[in-house]
Amino acid sequence: TGVAHSKGMKTEDSITLTVQWENLNDKTLGCAVYTSSWVAPKGDVHSQQRFFYMGSNGEINVDQAHRGMTVAQDGKPFASVNPLFMKYTPTNGMFSGQASYGVKSFELFVDACRDINSGSRTVDSYDDGSLATACTTVQGTAILEAGRRSLDSDGQPMDILYGEDGHTPVEIRPHQF
């Protein structure tokens, strides 16, 4: 069912995973819930970006999408304004959004394409986190793939194995009890 299936793609529109993590250093366990979706109904923000952490000594609650700012106006729908993404209002009649992170992220991407095409930089030189690359997104991709494999195997837990650096996933396999 869903948008993907209606277009002949055998995949979910959205996936939610409950994941048990093991700290590789001290073997303590943690639990996380992840939701990823490529399709969503029209909402008050482009994408819901939330993070909640509860530990034994405290908690963190982040609502990245809203940035703590909402707007309600008569005759208009309730909206969450993301003031740092783009500055739409001009200053002295001129565009003044150059410093907003929406513009900066596009600028960095275009500069990277130009530098890679000219040969002055390589693709892997952007694996420092300044751009989303295959290298910087491999951990999130591994989590989703392990979840997909678990769902396809009737809930069989999957282990994500890491390379020598301890951070790069190199294999996903069914958990052995």
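Worth saying up front: this structure is predicted, and the values here are computed from it rather than measured. (Residues numbered from 1 in each chain as written. Predicted model: local features only at pLDDT ≥ 70, side-chain atom pairs only at ≥ 80, totals over all residues. Heavy atoms only, no water.)

### With respect to the packing of aromatic side chains
Piece 1. With the rule as written, the count across this model stands at one aromatic pair.
Piece 2. Ring geometry for Trp21 against Tyr34: centres 6.5 Å apart, planes inclined by 75 degrees, an arrangement best described as edge-to-face. Of this pair, Trp21 sits in strand E1 (residues 14-22) while Tyr34 is found in strand E2 (residues 29-37), placing the two residues 13 residues apart along the sequence.
Piece 3. Given a relative accessible area of 26%, Trp21 falls into the partly exposed group.
Piece 4. On the basis of relative accessible area, Tyr34 is assigned to the partly exposed category, the value being 30%. (Phe/Tyr/Trp six-rings, centres within 6.5 Å; stacked < 30°, edge-to-face > 60°. Helix = DSSP H or I, 4+ residues; strand = E, 2+ residues; numbered from the N terminus. Buried < 20%, exposed > 50% of the residue type's maximum accessible area, 1.4 Å probe, protein only.)

### Side note on the confidence of the model for the chain
Piece 1. With 93% of its residues at a pLDDT of at least 70, the chain reaches an overall mean of 84.
Piece 2. Across the chain, strand E8 (residues 169-174) holds the top mean pLDDT of 96, while strand E5 (residues 70-71) sits lowest at 68. (pLDDT = per-residue confidence, 0-100.)

### Considering the nonpolar core
In summary, soluble globular proteins display a tendency toward joint burial of nonpolar side chains.
Piece 1. Counting nine residues, the largest nonpolar core is built from Ile15, Leu17, Val19, Ala142, Ile143, Ala146, Met158, Ile160 and Ile172.
Piece 2. Elements represented by at least two residues in this core include exactly E1, helix H3 (134-152) and strand E7 (158-162).
Piece 3. The residues contacting Ala142, other than those within four sequence positions of it, are Ile160, Pro169 and Ile172. (Core = buried A, V, L, I, M, F, W, Y, C linked by side-chain atoms within 4.5 Å. Contact = heavy atoms within 4.5 Å.)

### Structural notes on H3
Piece 1. Helix geometry: H3 is bent most strongly at Gly140, by close to 35 degrees.
Piece 2. Among all positions of H3, only Ala142, Ile143, Ala146, Gly147 and Ser150 are buried.
Piece 3. Looking at the packing, one finds that the buried side of H3 touches E1, E2, E7 and E8.
Piece 4. Looking at the residues trailing H3, positive phi occurs at Asp154, about 55 degrees. (Bend = angle between axes of the 7 residues up to and from the residue.)

### Overview of the layout of surface pockets
Piece 1. Volume-wise, the largest pocket comes out at about 1,100 Å³.
Piece 2. Listing elements by their share of the lining of the largest pocket, those giving two or more residues are E2, strand E3 (50-55) and H3.
Piece 3. It is E2 that contributes the most residues to the lining of the largest pocket, nine residues altogether.
Piece 4. Looking at the lining of the largest pocket residue by residue, the classes come out as 17 nonpolar, eleven polar and one charged. (1 Å grid on protein atoms, 1.4 Å probe; cavity = no way out; pocket = protein on both sides within 12 Å on 5 of 7 lines; lining within 4 Å. Points joined across faces, edges and corners; volume = space filled by probe spheres on them. Nonpolar A, V, L, I, M, F, W, Y, C, P; charged D, E, K, R; others polar.)

### A few points about the pattern of salt bridges
Piece 1. Tallied over the full model, the rule gives five salt bridges.
Piece 2. Arg149 is the salt-bridge partner of Glu145, the closest N and O atoms lying 2.9 Å from each other. Residue Glu145 and its partner Arg149 are located together in helix H3, separated by four residues, close to a single helical turn.
Piece 3. Using a relative accessible area of 33% as the deciding quantity, one classes Glu145 as partly exposed.
Piece 4. A salt bridge links Glu171 to Arg173; its shortest N-O distance comes to 3.7 Å.
Piece 5. Given a relative accessible area of 41%, Arg173 falls into the partly exposed group. (Salt bridge = Lys/Arg side-chain N within 4 Å of Asp/Glu carboxyl O.)

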